[in-house]
Amino acid sequence: MRIAYLSTFHPFRGGIAQFNAALYRSLEREHAVKAYTFTRQYPEFLFPGKTQMVQADDNADAVPSQRILDTAWPLNWPRAARIIAKDQPDLLVMKYWMSYFGPSLGYVAGSLKKRGTKVLTVLDNVLPHERRIIDVPFTKYFLNRNHGFIAMSEKVKRDLLSLRPDAPVHFMPHPLYDHFGASIPREEAARKLGLDPALRTVLFFGLIRDYKGLDLLIDAFAQLGEGHQLLIAGEPYGDFAKYQRMIDAHPLRRRIVAHARYIGDAEVPTFFSAADCLVLPYKGATQSGITAIAFHFGVPVIATDVGGLAEIVTHERTGLIVPKPDATAIAEGIKLYFTGDRSQRLRGNFAQVKQELSWDRFSEGLVKFAGTL
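### Brief notes about the overall build of the protein
Here's step 1: Looking only at helices and strands, one finds 15 helices and 13 strands in the protein.
Here's step 2: At 21 Å, the protein has a C-alpha radius of gyration in line with the 21 Å of a compact globule built from 373 residues.
Here's step 3: Along the first, second and third principal axes, the C-alpha set of the protein runs to 65 × 40 × 40 Å.
Here's step 4: Counting only contacts in the protein whose residues sit at least 6 apart along the sequence, the fraction spanning at least 24 positions is 75%.
Here's step 5: Averaging the coordinates of the 46 positive side-chain charges in the protein and doing the same for the 38 negative ones gives two points 5 Å apart.

Structure (structure tokens):
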């Protein structure tokens, strides 16, 4: 099958680019795949992070991609569609996570669809965490120009069907990221990060945004007692000062270590090797790609029961589900995790989980579903 894949690829960085690179590599083993990406992904004012581009310390897969689409310049969109159409692909694959992309990706999708190419999109989000007036119309425009969709959580599937009830959709869970390499010894990781290896290490990892509930976890940490330390790692999208004020006033502030910055790929094994568990104290969510990193390193996840997190984190198998986004409930979940031999028992489940959530299984399911459209 000839597959065109339009989304974020090298030289852009981040979780979306990592997902696309892994799926591309799996698809290309059986199909002729060509990757296309953006000349401009976001205008700078829409991107609150440090940079959109791969840095020297990123362990990024340099997928060979052609930069063709300027998302902010509509006069470019017909040309981008013509470039893809020239190769006469059987299938166009895209990734959708933000309504900003609805017009540009929707235009290209519609143009290829008219030319007889099947159009299939992997959905991260349909309705975003922070709503804006453009979200529904831009997203509807995009959805109506696809033949079908892959949803990685039931929450995303429900959101899709609320906007397009007739949409063909197939559910498949997020595969595990496997490009970060192996774990390192826990003591070595703790030393590199300035942690006490004798303490239980609770990790918060990923972009720091309001809906992710870091404030709840900082409050919960006060209820854990002397044998724990909190490790925070991730780039703030917004002002970290409010969290820093909470840390500075915290009774256990000496056991909170914050790396409030972008974490390069090469550093990821160190953070997860130091961790006893990952906590997702989210106030709202669809899914989380961070779980795919944790599972790769065999680190169980404690997550609040919001959005699709309970579909990804299997209670008492790959982690624990906390009933609500509340500091006391999160603290109780962490205490339960460290009760008896539970942490060791949960870690023992990941060999089977890694087989179930492979990229090859995901790509095979995608191609098989595409054949039904």
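### Brief notes about unusual backbone geometry
Here's step 1: Residues His10 and Pro11 are joined by a peptide bond in cis, for which omega reads 20°.
Here's step 2: Relative to the helices and strands, Pro11 resides in the loop between β1 (2-6) and α1 (15-27).
Here's step 3: Positioned with a positive phi, Glu316 is a non-glycine residue whose angle comes to about 65°.
Here's step 4: Locating Glu316 in the fold gives a position in the loop between α11 (309-312) and β13 (319-322).
Here's step 5: You can call Glu316 partly exposed: its relative accessible area is 26%.

### Remarks on the sheet that holds β1
Strand pairs in the sheet, formed through backbone hydrogen bonds, run parallel or antiparallel to each other.
Here's step 1: Spatially, 7 strands are ordered β3-β2-β1-β4-β5-β6-β7 in an open sheet, and the strand pairing comes out parallel. A single partner strand is all that each edge strand has here, and the edge strands are β3 (65-70) and β7 (169-171). Geometrically, the sheet is characterised by an average inter-axis angle of 25° between neighbouring strands, direction not taken into account.
Here's step 2: Pairing analysis gives 6 bridges linking strand β4 (residues 91-96) to strand β5 (residues 118-123), with the strands arranged parallel. Bridge pairing links Lys95 to Val122 in β5.
Here's step 3: Packing of helix α2 (residues 77-86) onto the sheet brings it into contact with β1, β2 (32-40) and β3, and relative to β3 it is tilted by some 150°.

### Things to note about the side chain of Gln229
Here's step 1: By the secondary structure assignment, Gln229 is in strand β9 (residues 228-233).
Here's step 2: By relative accessible area, Gln229 is classed as buried at 3%.
Here's step 3: Excluding anything up to four places from it in sequence, Gln229 contacts Leu195, Asp196, Leu199, Arg200, Thr201, Val202, Phe221 and Arg255.

### Topic: the environment of Ile208
Here's step 1: Position of Ile208 among the secondary structure elements: in the loop between β8 (200-205) and α7 (214-221).
Here's step 2: Ile208 gets classed as buried once you look at its relative accessible area, which sits at 3%.
Here's step 3: For the pair formed by Ile208 and Val301, sequence separation is 93 residues and the distance between their alpha carbons is 17 Å.
Here's step 4: Setting aside anything within four residues of it in sequence, one finds Ile208 in contact with Leu214, Ile232, Gly234, Glu235, Pro236, Tyr237, Phe240 and Tyr243.

### Focus: the sheet that holds strand β12 (residues 301-304)
Here's step 1: An order of β10-β9-β8-β11-β12-β13 is seen for the 6 strands of this open sheet, with the pairing classed as parallel. Each of the sheet's edge strands pairs with one partner strand only, and the pair in question is β10 (256-259) and β13. With strand direction ignored, the average angle separating the axes of adjacent strands in the sheet is 20°.
Here's step 2: Pairing between β8 and strand β11 (residues 277-280): 2 bridges, direction parallel. Within the sheet, the bridge partner assigned to Leu203 lies in β11 and is Leu278.

### Some remarks on the pattern of salt bridges
Here's step 1: By the definition in use, this model includes 20 salt bridges.
Here's step 2: The residue Arg261 makes a salt bridge to Glu267 at a minimum N-O spacing of 2.8 Å.
Here's step 3: Take Arg261: its relative accessible area is 31%, and that puts it in the partly exposed class.
Here's step 4: With relative accessibility at 24%, the residue Glu267 sits in the partly exposed group.
Here's step 5: Between Glu316 and Arg342 there is a salt bridge; the shortest N-O distance is 3.1 Å. One end of the pair, Glu316, is in the loop between α11 and β13; the other, Arg342, is in helix α13 (residues 342-347), and 26 residues separate them in sequence.

Rules behind the numbers
Residues numbered from 1 in each chain as written. Predicted model: local features only at pLDDT ≥ 70, side-chain atom pairs only at ≥ 80, totals over all residues. Heavy atoms only, no water. Helix = DSSP H or I, 4+ residues; strand = E, 2+ residues; numbered from the N terminus. Rg over C-alpha atoms; globule rule 2.2 N^0.38 Å. Contact = heavy atoms within 4.5 Å. Lys, Arg positive; Asp, Glu negative; His and termini not counted. Charge placed at Lys NZ, Arg CZ, Asp CG, Glu CD. Buried < 20%, exposed > 50% of the residue type's maximum accessible area, 1.4 Å probe, protein only. Pairing = 2+ DSSP bridges. Axes fitted to C-alpha atoms, helices over the stretch in contact; angles between N-to-C directions. Salt bridge = Lys/Arg side-chain N within 4 Å of Asp/Glu carboxyl O.

Geometric values such as these leave the question of function open.
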